Amino acid sequence: MRWFLIVLLLGCRPDPRIAVPASRGVAIGTVTLEWSNVHAVFGEHVLLVDTGSQGELYQLEQGMKQIGVRLGDVKCAVVTHGHADHAGTARALQLKGIRIIAGAGDRARNARGEHGAHNPTGLFSRMLAWFLPETYKPFTADVVVTDRFDLAPCGVAGEVIAVGGHTAGSVVVVVGKVALVGDLFRGGRLAGFVDRTEPMVHFYQDDKAHAHEQIRALVRRGVELFVLGHGGPAIRSEVIETFGK
Ligand SMILES: [Zn+2]
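Residues numbered from 1 in each chain as written. Predicted model: local features only at pLDDT ≥ 70, side-chain atom pairs only at ≥ 80, totals over all residues.

Caption draft 1: The sheet that holds strand E4 (residues 46-49), seen in detail. Strands sit in the order E1-E2-E3-E4-E5-E6-E7 across an open sheet of seven strands; the sheet is mixed. Pairing within the sheet leaves two strands with one partner each, and these edge strands are strand E1 (17-20) and strand E7 (143-145). Each adjacent strand pair in this sheet contributes to an overall mean axis angle of 25 degrees, direction not counted. Relative to E7, strand E6 (residues 99-103) is paired through three bridges, and the arrangement is parallel. The partner of Gly103 across the bridge, within E7, is Val145. (Pairing = 2+ DSSP bridges. Helix = DSSP H or I, 4+ residues; strand = E, 2+ residues; numbered from the N terminus. Axes fitted to C-alpha atoms, helices over the stretch in contact; angles between N-to-C directions.)

Caption draft 2: Highlighting the sheet that holds strand E9 (residues 159-162). Strands sit in the order E8-E9-E10-E11-E14-E15 across an open sheet of six strands; the sheet is mixed. Only two strands of the sheet have a single neighbouring strand rather than two, namely strand E8 (148-150) and strand E15 (234-235). Bridge analysis of strand E11 (residues 178-180) against strand E14 (residues 225-227) gives three bridges, and the strand direction is parallel. Each residue of the ladder has a partner; that of Val178, found in E14, is Leu225.

Caption draft 3: Layout of the environment of Ala92. Relative to the elements of secondary structure, Ala92 occurs in helix H4 (residues 90-95). Between the C-alpha atom of Ala92 and that of Leu57, which follows or precedes it by 35 residues, the distance is 7.1 Å. Not counting chain neighbours up to four residues away, the residues in contact with Ala92 comprise Leu57 and Lys137. (Contact = placed C-beta atoms within 7 Å.)

Caption draft 4: Region of the structure containing unusual backbone geometry. Here Gly232 and Pro233 are connected by a cis peptide whose omega angle stands at -5 degrees. If you trace the backbone, Pro233 turns up in the loop between E14 and E15. Despite not being glycine, Asp50 shows a phi value in the positive range, around 75 degrees. Within the secondary structure, Asp50 is located in the loop between E4 and helix H2 (57-66). With 28 C-beta atoms counted inside 10 Å, the residue Asp50 sits in the buried group. Not every positive phi belongs to a glycine, and Asn119 is a case in point at roughly 50 degrees. Note that Asn119 resides in the loop between helix H5 (107-112) and helix H6 (123-128). (Buried ≥ 20, exposed ≤ 12 C-beta atoms within 10 Å, placed from the backbone.)

Caption draft 5: Inspection of H2 at higher detail. Turning to H2, its buried residues are Leu60, Gly63 and Met64. Viewed along the axis of H2, the buried residues span an arc of 100 degrees, placing them on a single side of the element. Within H2, the exposed residues directed more than 90 degrees away from the buried face are Tyr58, Gln62 and Gln66. In the core, the buried residues of H2 are packed alongside strand E2 (28-32) and strand E3 (37-42). (Arc of directions from axis to C-beta.)

Written as C-alpha cells, this is what we have:
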C-alpha cells in the first residue's frame, strides 16, 4: 500500500519550478519531493526553506539544479518544523556547510530525530499517518529561533518568526509580502491532487486554534502570498475566505 501511494504521489508531482515570480518582490523556486516541498528564496544568496525527508539529498540537489541553484551556493536553510518530511535532510545539508535554522520549541524533537505525535485533524489524515516517515537524522540547529531572526547574514532581506501551532517550534519565513509558512495550512483538494493552490486545513495540527490564529496574524501583517509545505502557493483573498482575518 505504501508503494502504491508513493507511485501515485510521484505520478502527480509537479516538476521543479519558479513558483513565485520576481514580480511578487521576491523570486521563489520550489522542488516537490516525495512528501513535501522545498523552497529556494533567491536573495544575495539562496535560502532554502525546508529540507524534505531523510535520504532525499540527491533528489533535492537534482531538483535545485533544474531551477539554477547549486547547494554549494546556499548559506542557510530554515526548517519550518521538526516533522520527518520537512527536517529529514537538515543534517545532510549541515554536513555540507549549510547553517540550519530551526524553532526553539522543536529542539528536543530535532535532537531525537523523531516525528512525534501526529494529532490528525480528520479521518483521512488518521489513515495517511500510517504511511508517513517517522524518523530522520537527528541534528542540532546552528541558529535556534525563540522569537525572531533577521535573515541578513543568510543573504535574504527577510526574517524568521517563531509561531508554534503546527508544532511547538514551528517557524515561518517572511520576505516582503510573501510568507513561507510550512504546515500552518496546506493547499489542494483530494489530498492536494486537485486545485493545489486552494487553502485547506492541514492534516495534522498540535494546536489547531493557535496555528489558524497565526495565519490570521500574517494576513493582518499584510502578507499577499502564502508559500506552503504541501501544494500552494495560496493568495491572500482565498486564505481570508478559509481562515478569516
Ligand atoms: Zn508537518
